[in-house]
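# Understanding the architecture of this molecule
Chain by chain, the residues run as shown.
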Amino acid sequence: MRDRALLSHLGLVAVLMAAHWMLPAYHHDAVAKVLVLSVYAMGYNIAFGYTGMLSLGHALFFAAGLYGAAMPLTLWGWTGGPALAAGLVAATVLAAAVGLLALRTRGVSFMIVTLMFAQAGYLTILYLGRWTRGDEGIVIAQPLRRIMGLDLSDGATRYLAALLLFVLGLLACLHLVRSPFGRVMVAMRENEERARMLGYNPFTVKLAALTLSGLYSGAAGAAYALMFGYAGASLAGVQYSILPMLWVLLGGAGTVAGPFLGCLLMFYLIDYASVITSATLLVVGVALVALVLFAPKGALGALRDRLGKEGRAWLP
Amino acid sequence: MGFGPLLLLAILEGAVTAAVLALTAVGLSLTFGIMRVVNVAHGEFFMLGAVLAWFVSQWFPDAPLLAFLLAMVVCPLVVAGVAVLADVLILKRLHYEPEATIVATIGLLYIFQQAALSFFGPNARPVAPPFNFRVQLPWFGYSGYKLFVILAAGVLLLLVWLLITRTKIGLVMRATQIDRTTAKAFGINVDRVYAMTFGIGAGLAAIAAVLVVPIQQAHYLMGGDPLLLSFIVVILGGLGSLRGTLIAALLIGLLDGLLSTAFFFPPTFAKIVATLLVALVLVFRPEGLFGRRTA
Amino acid sequence: MTKGLTLTPTRRSVLAGMGAATAASFFPGYTNAQSSEPIRLGFQLHRTGIGAAYGRWYERTATAALARMNAAGGIGGRPVEILFEDDGTDPARGAEVFGKLATQSNCDLVFGALFSHVVIGTAPRAAELKVPYLVCSEGHHVASGMLNRWTLQPGITDVKSQVQAMAPFVTSNLGKKVTMIFPDFAFGHDHRDYFTAACAAQGGEVIAQIAIPPTETSFTRYFPQIPAETEVIYHVMVGPAVLTFVKELGEFYGSGARPQLFGFIDSLEAVDINSSGLEFLDGSHFWEAHPRYKQADASDAETAYRAAVGVDDNGASASDAADVATYSHMFSVWETLSVIKAGMEAAGYTGAADRQKLVEAIEAMTGFDEGEDHPQGAKTFNGKTHQAFGIQNITKVEGGKLVVAHKTSVEDGMYPDEVDYTSQSF
């Protein structure tokens, strides 16, 4: 096979598949969660890493997926499949609507506008506490967490389902960024004016990218509800807008596998920090500063630069 | 209570919020405007100011006025020092890359929070106000110290404005903001300007916190809201516009209170509406209320 | 090995005739029955995040209870250890930490969580992993039927019961027209709904409900909404801004006439009531599960507990008078540990395979006597709803101390069952 990029990413998938049989129980569950959250990070990467839209409001889309799936399940007795679809639709529509307004701005204004929309969404979840139970959140009962007969509360099934979602997201993203449209996205990031002169409409390109990013985020949110059985306002707070940005930057913005790597890195950073010391935040903080000093473009970004031309071929 | 007094109270409360917010936001506006970095740790400088003010207050438990005056000097200086160190040791080495800076300042945020948690503890701790008097209006009582906060913040903002528009330091800062390369060519030590700007920005957040801590208590997680609100205020006002920052702070401080009072909205609903309104203002005026149109 | 079988009778004796090797392979954890390997308890600790002020007192209480338990021979003759893991007071991390304690550290069970969102976010994991989860949270989430068979709350009364038990005192002693001030999220909504109903049942009336947005740091502008005819203000604020709330209420009313005040101590947990600005609380009433200030009639068990957890007569750390305890909540850790011991011993608990038997043993309990195991007071335990019900205290601020003015009975806080967990499968 001459497609080195496909090869490297299929290699990652193979490792993750092998991990299914090899990981001890705790890490098996942890990686399943990282896979779901990586889909969210990949969505963020499409908007930020490739198209250059610095959003601080993606928690709104993640939460739309989360509640879009959780509310029909718990309130209206929907089954897993339609609920998942509802989460996807809710997040995608919301991302498009936010995009229509927010994309009138750019740069820091875009950041603040998305932040404020997300804050309004967060407050709305609290305000509608009668149905959402606000900050406490709701539990999605175990019997409801099924899709096509598969019990997503079961550890092994959940890992495989999470891996399937992740692989779909990963390969679609790989295809996207190497497609002509993907190159236009990057052109928007690098120089919007030049892309405009080449005949591309920045607004529609960015709107499409943001909507797709919302779809990814919503898929992760809806999967989260079904796989982990909980929906709460803390998952819609500003922290959950900052996290995907952090994951993407740690792993390498504008790399297909970077979001996964960043998410994994951050999870185990927090996890192991608590083993070393009770001053966990200090360890996490120092590690972040150190990482960024050594690899300002993120782990995969640094690796790609080091590999030179080969790097671009293996790690788009 | 009639509508008039209700409105007066909403305005007074909004003005206190706005005064503190304006100071914090002006600090952020400097770093954001001049250095072009998104400083996620700005709220933590605010928190550090409040926590340090508590420590100072513990040295003089019987002399709150003395402790307050001392804190007004010591806290901003210490916090500015910490910020300068962070700038020289970390941000400068990242060449102020916007993206790397975000990660680095998130790292700093965690470090500062842990420091506060370890040395100050998880409790919210009160600091005695420098003086206690209660202004009795015909309809309700009001804290005299809160009125002082509005006044003090006004004076401090005036000083910042003078610093930026009337001094050599300000001139150098403005020159660097407009064109970094040219400033360098004219022999301006850009590194030093950046370190100074970062320090002044952090110091302003700290001084705002010293002012607010007798009303609010110090707590190791108190930095979140000032950070978000400062960002909103800076962008809404228009980058680089001091006047815009002030007016945006007033708007943010007053809007939900007025909505709630005038239309009898439930408070949380009023906050939602206010947030969306501000977002829409930016959508249709992306450069902010007083920013220059760039594109 | 066969000797081990005879030691734990009932269902085990059925296996007596079977080969020992077969028995051991059927019950993997069983070979440890005779060993003195420690029982490992996982503790979900709010070490960082918004719950940190509670977390460190929960840790201290757990450590003290553990020392006492091991000094008395542990559980079923086995030593006990507690593994603390920080959950950042975050529901997502809470669920991860639960998995870590249960599957990586091989804890027999997990306990200790206080904040409701952490409990609710974690409970699904308990059911998935089939590991008992004993919460110390006072939320109504357990008894409401929202959670599952593996989640129990045997150490502290839930908020619905607390509020219902309080209401008669408020309406008959403080006033009938009540204005409620509460945070506009689930915890506040529980108070709003349960108190409004309980107040009406007592012939009182809630004339205004003032919901404060959760991000608020200043409260003065909400006070004008308090109707002039209000006789009692019922306040229950939580979080770091509570002290501001109480101070501003004081500024608002000044030294003039004010309604009676009734508050939940949650507003002032870990806060010295003699802090500057709180003077106006003098004469007001608080709910306390466990009185912070040592009362004149304190039992010996209470005295011993207070000494063990290192709290002085004023409710502060014995080594630092400025470090005020979260006294009205932390006893639940101590008492939950007592329930764990009783449950494990009743179940003949030998290892992870007996987790279900442990839950069944706790469900079979009906109550706990006051004593060193349960210093807060006697409790009724409802095995169907997995919820304990205890007495509540109403204390009055007098001379800078909280003095008990009224004790409710356990029956005051009873309400009809909303769930029967024992009918659910494991």
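Read on for an overview of the structure. (Residues numbered from 1 in each chain as written. Chains lettered and ligands numbered in written order. Predicted model: local features only at pLDDT ≥ 70, side-chain atom pairs only at ≥ 80, totals over all residues. Heavy atoms only, no water.)

The strands making up a sheet associate through backbone hydrogen bonding, with each pair oriented either parallel or antiparallel. All names here are of chain C. Strand order in the open sheet made by the 7 strands is β7-β6-β8-β9-β10-β16-β17, with mixed pairing throughout. The open sheet is flanked by β7 (205–212) and β17 (401–407), the only strands paired with a single partner. The mean inter-strand angle of the sheet, taken between neighbouring strand axes irrespective of direction, is 25°. Sheet topology places strand β10 (residues 285–288) next to strand β16 (residues 393–398); 4 bridges connect them, and they run antiparallel. Among the inter-strand pairings, Glu-288 is bridged to a residue of β16, identified as Asn-393. (Pairing = 2+ DSSP bridges. Helix = DSSP H or I, 4+ residues; strand = E, 2+ residues; numbered from the N terminus. Axes fitted to C-alpha atoms, helices over the stretch in contact; angles between N-to-C directions.)

Turning our eyes to something else, we now look at the interface of chain A and chain B. Contacts between the two partners involve 40 residues from chain A, matched on the other side by 37 residues from chain B. Here chain A meets chain B over a buried area of about 3,500 Å², counting both sides, of which 86% is carbon and sulfur. When the buried area of chain A at its contact with chain B is split by residue, Met-116, Tyr-127 and Leu-281 of chain A rank highest and sum to 18% of it. In this assembly, chain A and chain B are joined by 0 salt bridges. At the boundary of chain A with chain B, the tally comes to 4 residue pairs in polar contact (both at pLDDT 80 or more). When residues of the side of chain A that touches chain B are traced back to their parent elements, those giving at least two are α4 (80–102), α5 (107–127), α11 (239–251) and α13 (280–294) of chain A. With 13 residues, α5 of chain A is the single largest residue contributor to the side of chain A that touches chain B. (Contact = heavy atoms within 4.5 Å. Buried area = accessible area lost by both parts, 1.4 Å probe. Salt bridge = Lys/Arg side-chain N within 4 Å of Asp/Glu carboxyl O. Polar contact = N/O pair within 3.5 Å; in protein donor to acceptor, adjacent residues only side chain to side chain.)

Let us now look at the pattern of salt bridges. Side-chain pairs of opposite charge can arise where the charged atoms are in close proximity. Evaluated as defined, the whole model comprises 38 salt bridges over all chains. The salt bridge partner of Lys-271 of chain B is Glu-216 of chain C, with a shortest N-O separation of 3.4 Å. You can see Lys-271 of chain B sitting in helix α11 (residues 267–284) and its partner Glu-216 of chain C sitting in the loop between β7 and β8 (232–235), one on each of two chains. This pair shows no difference in class: Lys-271 of chain B is buried, exactly as Glu-216 of chain C is. Through salt bridges with shared partners, a single network forms among Lys-33 and Asp-271 of chain A together with Glu-85, Arg-93, Glu-96 and Lys-100 of chain C. (Buried < 20%, exposed > 50% of the residue type's maximum accessible area, 1.4 Å probe, protein only.)

To continue, consider the pairing of strand β12 (residues 320–324) of chain C. All names here are of chain C. Here strand β11 (residues 316–317) pairs with β12 via 2 bridges, running antiparallel. Looking at β12, one finds that Ala-316 is bridged to Val-324. Between β11 and β12, which pair antiparallel in sequence order, lie 2 residues.

Moving on to the interface of chain A and chain C. Contacts between chain A and chain C engage 36 residues on the former and 33 residues on the latter. Of the roughly 2,600 Å² buried between chain A and chain C on both sides combined, carbon and sulfur atoms contribute 53%. Summed over the three residues of chain A that lose the most area to chain C, namely Tyr-26, Glu-136 and Val-139 of chain A, the buried surface amounts to 22% of that side. Summed over the shared surface of chain A and chain C, the number is 7 salt bridges. Note that Arg-93 of chain C is salt-bridged to Asp-271 of chain A, the shortest N-O span being 2.8 Å. Taken together, the links from chain A to chain C amount to 11 residue pairs in polar contact (both at pLDDT 80 or more). Residue assignment for the side of chain A that touches chain C shows that the elements contributing at least two residues are α2 (25–50), α5, α6 (129–132), β1 (138–139), α10 (202–228), α11, α12 (258–276) and α13 of chain A. Per-class residue counts for the side of chain A that touches chain C are 16 nonpolar, 11 polar and 9 charged. (Nonpolar A, V, L, I, M, F, W, Y, C, P; charged D, E, K, R; others polar.)

With that settled, the discussion passes to the nonpolar core. Counting 345 residues, the largest nonpolar core has Phe-166 and Leu-288 of chain A together with Leu-41, Phe-111, Phe-195, Phe-262 and Leu-268 of chain C as the members making the most contacts within it. Here the element with the most residues in this core is α2 of chain A; it accounts for 17 residues. Built from parts of two domains, this core gets at least three residues from each of domain 1 (2–158 + 330–390) and domain 2 (160–299 + 391–413) of chain C. Residues in contact with Leu-268 of chain C, not counting those within four places in the same chain, are Leu-243, Val-246, Ile-273, Leu-278, Leu-281, Phe-286 and Arg-292 of chain C. Core analysis: the next-biggest nonpolar cluster, separate from the first, contains 5 residues, Ala-143, Phe-389, Ile-391 and Val-410 of chain C among them. (Core = buried A, V, L, I, M, F, W, Y, C linked by side-chain atoms within 4.5 Å. Domains from an automatic or database assignment.)

Turning our attention to the environment of Ala-388 of chain C. Residues and elements named next belong to chain C. Take Ala-388: it is sitting in strand β15 (residues 387–390). When its relative accessible area of 0% is taken as the criterion, Ala-388 is described as buried. Expressed as a C-alpha distance, the spacing of Ala-388 and Lys-401, which sit 13 residues apart in the sequence, is 28 Å. Leave out the neighbours within four places in its chain, and Ala-388 touches Gln-153, Pro-154, Gly-155, Ile-156, Thr-157, Asp-158, Lys-379, Thr-380 and Phe-381.

Let us now look at the pairing of strand β6 (residues 177–183) of chain C. Residues and elements named next belong to chain C. Extensive coverage of β6 is indicated by the burial of 6 of its 7 residues. The sheet contact formed by β6 and β7 spans 7 bridges and is parallel. In the strand pairing of β7, Met-180 is matched with Gln-209. As judged from the 4 bridges shared by β6 and β8, these two strands associate in the parallel manner. Residue pairing across strands places Thr-179 opposite Ile-233, the latter belonging to β8.

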